[in-house]
Every structure is written in C-alpha cells, then in structure tokens.
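As a plain string of letters, each chain reads:
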Amino acid sequence: MIQITLPDGRIQEVPKGTTPLDIARSISEGLARQVLAAKVNGKVQDAHQGLTENATLHLLTWDNADGKSTFWHSSAHLMAEALEALYPGVKFWVGPPVENGFYYDVDTQGQSISQDDFAKIEQKMLELARQKNEYVRIPKSKAEALAYFQEKGDEYKLDLLENLEDGSITFYQQGNFTDLCRGPHIPNTGFIKAAKIMNVAGAYFKGDQNNKMLTRIYGVTFPKQKELDEYLALLEEAKRRDHRKLGQELDIFTFSEKVGKGLPLWLPKGAMLRERLENFLKKAQLKAGYQPVVTPHIGSKQLYITSGHWEKYGKDSFQPIHTPEEDEEFLLKPMNCPHHCEIYKSRPRSYRDLPLRLAEFGTVYRYEQSGELHGLTRVRGFTQDDAHIFCRQDQVEDEFKKVIDLVLYVFKSLGFEDYLAQVSLRSLEDRSKYIGDDAAWEQAEAAIQRAADEKGLKTVVEYGEAAFYGPKLDFMVKDALGRKWQLGTIQVDYQLPNRFELEYVGSDNQKHRPVMIHRAPFGSMERFIAILIENTAGNFPLWLSPDQMAILPISEKYAEYANEVFLQLQEEDIRGYVDHRDEKIGRKIRDAEVNKIPLMLIVGEKESEEGKVSVRRKGEGDLGSMPISDFIQFAKSEIFKNIPSYK
Ligand SMILES: [Zn+2]
Ligand SMILES: [Zn+2]
C-alpha cells in the first residue's frame with residue numbers, strides 16, 4: 001500500500017499501481033471525466049500511469065495551466081496523425097504546446113500545405129478525435145527505438161534519439177500514429193472536441209538557417225466548441241484593438257524607417273496623453289516623498305564598467321559613442337540607476353537623509369534585434385517612470401508598502417482592477433549565484449512577503465525567479481480581454497550600492513551601506529500606453545483623452561461663436577478643437593465618434609443666441625443643451641471623478 005496526499009490534505013491509502021484516474025473515480029465520476037493528467041510530487045504524468053510510491057497528487061483539468069498544456073501537446077500528436085493520413089510520407093520534428101495552442105514542425109516532403117488546407121486538416125483531426133483513441137505509453141529500449149525510425153526512414157526522430165539515454169525512452173501511440181515522446185498526454189483523443197489550424201510558417205530545422213526549412217503548423221484545440229468560438233471572437237477583438245493599428249488611427253504615434261527601427265515618434269495627441277500620465281504620477285510621487293531629478297541620455301563607459309552593465313550587456317548593446325578626444329567613450333544609457341547612484345554619492349549622507357527617493361522619467365536605449373521589435377511594446381528607446389529608493393535595511397519593508405500603495409493607486413485610477421503580484425525569491429536549492437549578505441536577503445524576502453500580505457495583494461511566490469542581486473515583486477494585470485501583461489515592478493538591489501561604494505553615516509557614527517530599491521509603476525511609458533490603448537480600445541478616460549471635446553458648428557455662420565466657446569473652455573483647461581470643415585453636422589458627429597472624442601458640443605442658431613451648447617457624450621448620446629458655465633462645471637466634475645487624489 002502507498003499513501004497519496006490530496007491537495008486538501010486528505011490522505012488516501014491505495015495499492016501500488018493505482019492510477020490518478022482511479023483516485024479521481026473514487027472521488028466522483030464527474031471529476032474523472034475531466035481529468036487530463038496528474039501532477040505527482042510536482043511532476044506532470046499521464047492520468048492512467050500507475051503510482052508507485054507515497055506521493056502528493058494534483059488532478060489536472062482544463063482549468064489548470066499544466067492541464068491545458070498537456071491537452072495542447074496531445075493535440076499536436078492528433079494533428080500529426082491527421083497530417084500523416086492526408087499527406088503520406090510527411091516527417092515530424094517537434095510539436096510542443098505554446099501559450100495559446102501548439103505547433104508541429106513538419107517536413108512535408110515537397111507537398112504544399114496552405115490556408116486552403118486548414119479546414120481539411122481540422123475535419124480529419126475531429127474525425128480521429130471521435131474515435132476516442134487512447135494515448136498509449138510504450139517504453140522502448142534505445143535499440144528498438146532506433147530500429148523503428150531507421151525502418152521508417154525518419155532522420156528527424158533519429159536525430160532526437162541521439163541525445164536520449166537508454167532506459168528513458170518512450171513511444172506514444174494513438175490510433176495509427178506513433179511518436180517518440182516523453183509525454184505526458186491526455187487519456188484519449190475524445191477529449192478534443194474543437195480544433196482550428198491557425199497558421200503556417202517556415203521554420204528552420206533546429207532554428208539554424210543553414211538547415212532545411214520545415215513547415216511549422218500552428219493549431220489550437222478546446223474541449224468544447226463554444227470555447228473555440230469564444231477564443232476566436234476574442235482574437236478578432238484583440239486585432240481590432242491592436243495598439244499598432246489604433247495608435248496610427250488615433251494619431252498617437254508613428255515610426256519612421258529613416259529615424260530608425262524601434263524608435264517611436266510621438267504625435268501631438270500621443271504626446272498629450274503621455275504628458276497627462278506623467279503629470280498624474282509626478283503629482284502622486286511628490287506627495288509620496290519622491291524628489292525629481294534629471295540626468296543625461298548618455299554616460300561615460302566608465303560609469304557602466306562600475307555598474308557592471310558593460311561587462312554583462314556591452315557586447316549586445318548600442319556600441320560606444322566616440323568623441324574627438326582619444327579614449328573618450330560614452331554609452332547611450334540603458335538604465336537610469338547608475339546616474340542616480342552618482343547623485344546619491346554627490347554628497348555625504350546620514351541615516352537621517354534616508355530614505356532618499358529619486359525619481360526621473362528617464363529615457364533609456366537598448367538594442368533589440370529588429371525581429372524582436374513590436375509596436376510600442378518592444379522598442380529600442382523608451383522612457384521609464386523610474387525611481388530609486390536608497391534606504392536602510394530596516395526601512396525596506398516600509399518602503400515596499402509605500403511603493404505598493406502607489407502602484408495600486410495607479411492601477412485603480414486607470415481601471416486595471418484585476419492584477420496578480422508575483423513575488424520572486426531565491427532558489428531554495430542553489431544559493432551560490434546570489435550576491436549579498438544571506439541575512440539581509442532573508443530579511444528582505446520576508447519583508448516583501450509581509451508587505452504584500454499586509455496590503456492584501458493576491459500573490460504567487462516563485463522560487464528561483466529573483467534577480468541575482470535581489471528579490472522582487474512584479475505586477476501582472478489582466479486587461480479587458482483577459483490577457484495578462486507585466487506592468488510595474490519593485491526590486492531590491494544589494495549589488496549596485498556595493499559597486500558604487502554608497503555609504504551613509506549611521507546613528508552609531510559608523511559608515512554603513514544603504515539598500516537600493518528600483519521601482520516603476522508603469523514600467524515604461526511606451527509599453528503602458530500600448531496596454532492602455534488595447535485595454536480601452538482607444539476610449540481613454542476623460543481625464544486622459546488627448547481631445548476631451550470637439551465643438552461642432554452646424555454651419556459657417558456659427559464659427560465665431562464656436563471659437564468663443566473654445567477659448568472659454570481652453571481657459572478652464574478643457575482641451576479639444578473646433579471642427580470648422582464645411583461638412584454636414586451628421587458627418588461631423590460621426591467623425592468625432594470615430595476619433596473617440598468623449599464630448600461633442602453642437603452649436604447653432606439657438607445655442608449662439610442663448611449662450612449655450614448642446615452636449616453629446618460618446619456612448620451615451622444627447623445630454624441636452626446647457627449654458628457654457630454649466631458645461632464647464634459638468635466637464636470638470638467628470639474629468640476629476642476618475643482621478644482620486646493620492647493620499
Ligand atoms: Zn507527446
Ligand atoms: Zn534601476
């Protein structure tokens with residue numbers, strides 16, 4: 001008999017060889033029907049593979065990340081089976097699960113597979129799925145495995161076999177398809193009820209462009225047709241909201257090949273949006289005790305030799321800038337921290353000066369390969385809402401709490417209600433790669449966890465994910481489409497204070513080393529605005545809208561009155577424009593809607609005579625006519641409604 005511990009702590013005593021599926025059945029038939037795989041002592045395995053020793057057991061279903069990836073990996077086998085049936089002689093390299101679905105790299109032996117074939121492949125997959133073929137695990141000796149694929153003439157699997165050890169090799173078979181695979185897989189193909197081939201692309205064998213080009217076929221599958229339909233609808237919506245598309249349409253930013261790849265150009269409306277966001281955070285930061293600083297865009301190479309960046313990233317960065325002076329070299333700054341360390345060092349510091357919080361919207365430059373560039377989310381120049389807090393070790397927890405408050409304030413004000421905080425700590429096993437004093441690490445790790453608990457954050461703890469120089473806390477937000485993004489980060493650093501030999505004089509009159517905390521609630525302005533565009537579909541909250549209102553005169557006759565209204569609103573800091581085009585009012589309203597202008601003020605004969613404006617609000621329609629002073633009051637209350645002040 002062996003003891004199996006379930007997630008709720010209950011222990012089942014069962015005979016050796018009992019499978020996770022047996023245990024699921026003993027709980028309920030309904031559960032057993034949903035079990036895709038099992039996590040046994042932290043390792044995922046087949047649900048019908050027998051248990052051999054005392055273990056903890058998690059039954060994995062579709063609702064679980066490991067369950068999903070097992071489902072999708074198994075679907076790659078199913079797709080391969082369908083391809084083999086439709087395209088005799090095709091050969092397969094590898095077929096892993098990915099974030100949304102799976103792919104398989106295929107040598108089609110010259111047969112073409114294109115978009116036109118997708119439906120055929122999907123149908124074949126579903127036909128095979130309905131056979132409910134079991135994924136059978138078959139251990140093989142290396143000799144048997146080699147013989148099998150030699151016979152088949154499959155150089156790809158033979159290549160894979162080369163690196164596998166005898167005794168660890170398994171085949172999996174479902175229906176007529178046999179693959180070399182370590183598993184695990186779902187119990188049978190019947191779980192797969194909906195399939196969609198998403199894309200084909202070229203992919204070099206082993207990612208090496210000297211090798212043969214294979215065909216990478218991407219697919220996604222679901223246990224219900226309804227879930228596939230929802231997924232496809234979501235993709236459509238995501239495409240509609242793509243910040244690269246909306247950003248152009250709404251005149252937020254553009255790129256120019258001539259300026260350079262990955263270097264965004266902010267258009268007037270985008271610049272306005274950025275400025276509003278910056279001012280919003282600057283205001284809160286002042287209240288939170290930050291002091292603004294400004295540092296240059298370049299720094300001497302020596303600065304980055306001291307910080308360690310040159311040694312670590314120098315080769316893969318923008319290369320040094322030379323001056324007419326011999327041996328004088330500068331780097332575009334890849335981060336603001338070294339500059340801030342030198343500000344700290346610009347005068348002697350005492351324990352009474354700490355914490356010292358230096359904040360800067362600092363633009364940094366990092367070389368990214370052109371294939372990696374993506375809209376505003378992966379660029380070569382971006383502005384961080386950066387700050388560095390220099391504090392004593394005993395202040396770390398308090399400072400962490402304050403930063404969490406600030407981050408949550410930012411998220412709340414911008415409508416990101418659904419977030420998760422990831423606490424990244426040292427690996428439990430190997431601690432040799434982490435620099436800094438062990439006791440300080442332990443204190444900081446405990447302090448972060450306490451701070452996160454006290455602030456009621458929903459957290460996951462990841463061991464081994466800390467940077468080598470300190471533990472950190474990252475915020476992941478979910479957007480309106482349920483996609484996860486990493487935003488703000490808070491990071492403890494024991495390394496830079498050492499490298500820069502930062503000091504303060506303690507109450508004991510002795511010299512001590514401060515701790516440094518890096519933090520950025522937005523992350524970067526570029527990335528944050530990209531996410532904001534996609535999250536709001538371009539319908540920014542009123543206070544952030546580049547144009548908050550458009551004044552639409554019914555005809556040329558009221559142009560002068562429209563200008564008067566415009567000036568009055570401008571005086572009150574309510575921003576927008578007058579649409580002076582010679583167009584019908586219906587057209588002007590439609591265009592303002594398309595441009596996502598929140599408030600429209602229509603002025604004609606009646607309005608100009610009575611000193612009024614007729615107000616329309618996007619998404620709400622007609623709000624009636626009101627005196628200009630009433631509109632100003634209304635607009636201001638609406639603008640400020642959504643930006644609570646930071647306390
Ligand atoms: Zn497999
Ligand atoms: Zn930093």
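In this numbering scheme, every chain counts its residues from 1 along its sequence in written order. Written order decides the labels, with chains lettered from A and ligands numbered from 1. The model is predicted, so local features are restricted to residues of pLDDT at least 70 and side-chain atom pairs to those at 80 or more, both for listing and for counting; the totals for chains, interfaces and linings are taken over all residues. Note that water and hydrogens are dropped before the side-chain values are worked out from all heavy atoms of the structure.

*Asks:* What am I meant to see in the overall build of the protein chain here?
*Replies:* Each helix corresponds to a stretch of at least 4 residues labelled H or I by DSSP, and each strand to a stretch of at least 2 residues labelled E; elements are numbered beginning at the N terminus. A count of helical and extended segments in the protein chain gives 20 helices and 33 strands. Across its three principal directions, the C-alpha atoms of the protein chain cover 90 × 75 × 60 Å. Each residue is placed in one exposure class: buried if its accessible area under a 1.4 Å probe, protein chains only, is under 20% of its type's maximum, exposed if it is over 50%, and partly exposed if it falls in between. Residue burial in the protein chain is summarised as follows: out of 647 residues, 50% are buried. In the protein chain, of all internal contacts separated by at least 6 residues, the share reaching a separation of at least 24 is 68%. Per-residue accessibility takes into account occlusion by the displayed protein chains alone, with areas from the Shrake-Rupley method and a 1.4 Å probe. Surface exposure of the protein chain reaches about 31700 Å², of which carbon and sulfur atoms provide 47%. Across the protein chain, the 85 positively charged side chains and the 98 negatively charged ones have centroids separated by 2 Å. What makes two residues a contact is simply this: any of their non-hydrogen atoms within 4.5 Å. For the purpose of counting charges, residues Lys and Arg are taken to be positive, whereas Asp and Glu are taken to be negative. His and the chain ends are not included. A charged residue contributes its charge at one atom only: NZ of Lys, CZ of Arg, CG of Asp or CD of Glu.

*Asks:* Could you clarify how one ought to interpret the coordination of the zinc ion (ligand 1) in this entry?
*Replies:* Each angle at a metal carrying four tetrahedral donors should ideally be 109.5 degrees, and each at a metal carrying six octahedral donors should ideally be 90 or 180 degrees. With distances of 1.9 to 2.1 Å, the protein atoms coordinating the zinc ion (ligand 1) are His 73 (NE2), His 77 (NE2), Cys 181 (SG) and His 185 (NE2). Shown as donors are all N, O and S atoms within 2.8 Å of a metal ion, widened to 3.2 Å for Na, K and Ca; because water is not in the atom set, sites may appear incomplete. Square planar and octahedral assignments, for four and six donors respectively, both demand that opposite donors be over 155 degrees apart and that all other angles lie between 65 and 115; tetrahedral needs four donors with all angles between 85 and 135 degrees, and anything else is irregular. Taken together, the four donor atoms coordinating the zinc ion (ligand 1) and their angles of 91 to 126° define a geometry best described as tetrahedral. On the basis of relative accessibility, which here comes to 14%, the residue His 73 falls in the buried class.

*Asks:* Explain the packing of helix α9 (residues 268-287) against helix α16 (residues 525-536) here, please?
*Replies:* For any two helices packed against each other, the geometry is given by the interaxial angle and the distance between the axes. Axis separation between α9 and α16 bottoms out at 11 Å; the angle between their running directions is 105°. One way to sum up the angle between α9 and α16 is to call them roughly perpendicular. When α9 is examined against α16, the residues Leu 273, Arg 274, Leu 277 and Glu 278 are found in contact with a partner set consisting of Met 525, Glu 526, Phe 528, Ile 529 and Leu 532. Considering only residue class, the contact of α9 with α16 consists of six nonpolar, no polar and three charged. Inter-axis angles, ranging from 0 to 180 degrees, are taken between N-to-C directions of lines fitted to C-alpha atoms, where helices are fitted over the stretch in contact. Relative orientations are named as follows: roughly parallel for angles under 35 degrees, roughly antiparallel for angles over 145 degrees, roughly perpendicular for angles from 65 to 115 degrees, and oblique for any other angle. Any residue that is not Ala, Val, Leu, Ile, Met, Phe, Trp, Tyr, Cys, Pro, Asp, Glu, Lys or Arg is counted as polar, Gly included; the first ten are nonpolar and the last four charged.

*Asks:* Whenever I open this one, the pattern of salt bridges confuses me. Can you help?
*Replies:* Opposite charge on two side chains makes pairing possible when the charged atoms of those side chains draw close. A pair is scored as a salt bridge if a Lys or Arg side-chain nitrogen falls within 4 Å of a carboxyl oxygen belonging to Asp or Glu. This structure, assessed with the given rule, holds 51 salt bridges. Here Arg 216 ties to Asp 105 by a salt bridge, and the two come within 2.7 Å at their closest N and O atoms. Of the two residues, Arg 216 is situated in strand β13 (residues 213-222) and Asp 105 in strand β8 (residues 101-107); the sequence distance between them amounts to 111 residues. Of the charged contacts in the structure, one is a salt bridge between Asp 579 and Arg 581, with a shortest N-O distance of 2.9 Å. Residues joined in a network through salt bridges with shared partners are Arg 426, Arg 431, Asp 438, Glu 442 and Glu 445.

*Asks:* Where do I start with a nonpolar patch on the surface in this structure?
*Replies:* A grouping of Leu 428, Val 461 and Tyr 463 is seen on the molecular surface, where their side chains present a nonpolar patch of about 280 Å² in accessible area. Position of Tyr 463 relative to the elements: it lies in strand β23 (residues 459-463). Look at Tyr 463 and you get partly exposed, because its relative accessible area is 45%. Only residues whose relative accessible area exceeds 30% and that form no salt bridge are eligible for patches; like-charged ones are grouped when within 9 Å, while nonpolar side chains (Val, Leu, Ile, Met, Phe, Trp, Tyr) are grouped when within 5 Å.

*Asks:* I would appreciate a short explanation of the coordination of the zinc ion (ligand 2) in the present structure.
*Replies:* At the metal site, the zinc ion (ligand 2) is ligated by Cys 337 (SG), His 388 (NE2) and His 518 (ND1), and these contacts range over 2.0 to 2.3 Å. Written as a sequence motif, the donor arrangement for the zinc ion (ligand 2) is C-x50-H-x129-H. Here His 518 lies in strand β28 (residues 515-520) and His 388 lies in strand β21 (residues 381-391), a separation of 130 residues in the sequence. Accessibility assignment for this pair places His 388 and His 518 in one class, buried.

*Asks:* Would you take a moment to explain the sheet that holds strand β9 (residues 136-139) for this structure?
*Replies:* The strands making up a sheet associate through hydrogen bonds between their backbones, and the pairing can be parallel or antiparallel. Think of it this way: DSSP has to see at least two bridges between two strands before they count as a pair. Read across the open sheet, the three strands follow the order β9-β10-β11; overall the sheet is antiparallel. What marks the edges here is a single partner per strand, and that holds for β9 and β11 (177-180). Averaged over all neighbouring strand pairs, the angle between strand axes comes to 25°, with direction disregarded. Here strand β10 (residues 170-174) runs beside β11; their pairing, made up of four bridges, is antiparallel. Across the sheet, Phe 171 pairs through a bridge with Leu 180, a residue of β11.

*Asks:* Before we go on, may I ask you to explain the packing of aromatic side chains in this structure?
*Replies:* Both the distance between ring centres and the angle between the ring planes are used here to describe each pair of aromatic rings. Aromatic contacts are taken between Phe, Tyr and Trp rings whose centres are within 6.5 Å, Trp giving its six-membered ring; a plane angle under 30 degrees counts as stacked, one over 60 as edge-to-face, and the others as tilted. One pass over the structure, following the stated rule, counts 28 aromatic pairs. Relative to Tyr 231, the ring of Phe 222 has its centre 5.5 Å away and its plane inclined at 45°; by these criteria the two rings are tilted. The buried category is assigned to Phe 222, whose relative accessible area is 6%. Residue Tyr 231 is classed as buried on the basis of its relative accessible area of 15%. Ring plane angle 40° and centroid distance 6.3 Å describe the contact between Trp 441 and Tyr 494, whose orientation is recorded as tilted.

*Asks:* Looking at this model, I keep getting lost on the pairing of strand β33 (residues 621-627). Mind explaining?
*Replies:* Strand residues, when the strand is regular, have side chains that alternate between the two faces of the sheet. Across six bridges, strand β32 (residues 612-617) lies against β33 in antiparallel orientation. Each bridged residue has a counterpart across the sheet, and for Lys 612 the counterpart in β33 is Pro 627. Counting the residues between successive antiparallel strands, the hairpin from β32 to β33 contains three residues, one of them, Gly 619, with a positive phi of roughly 85°.

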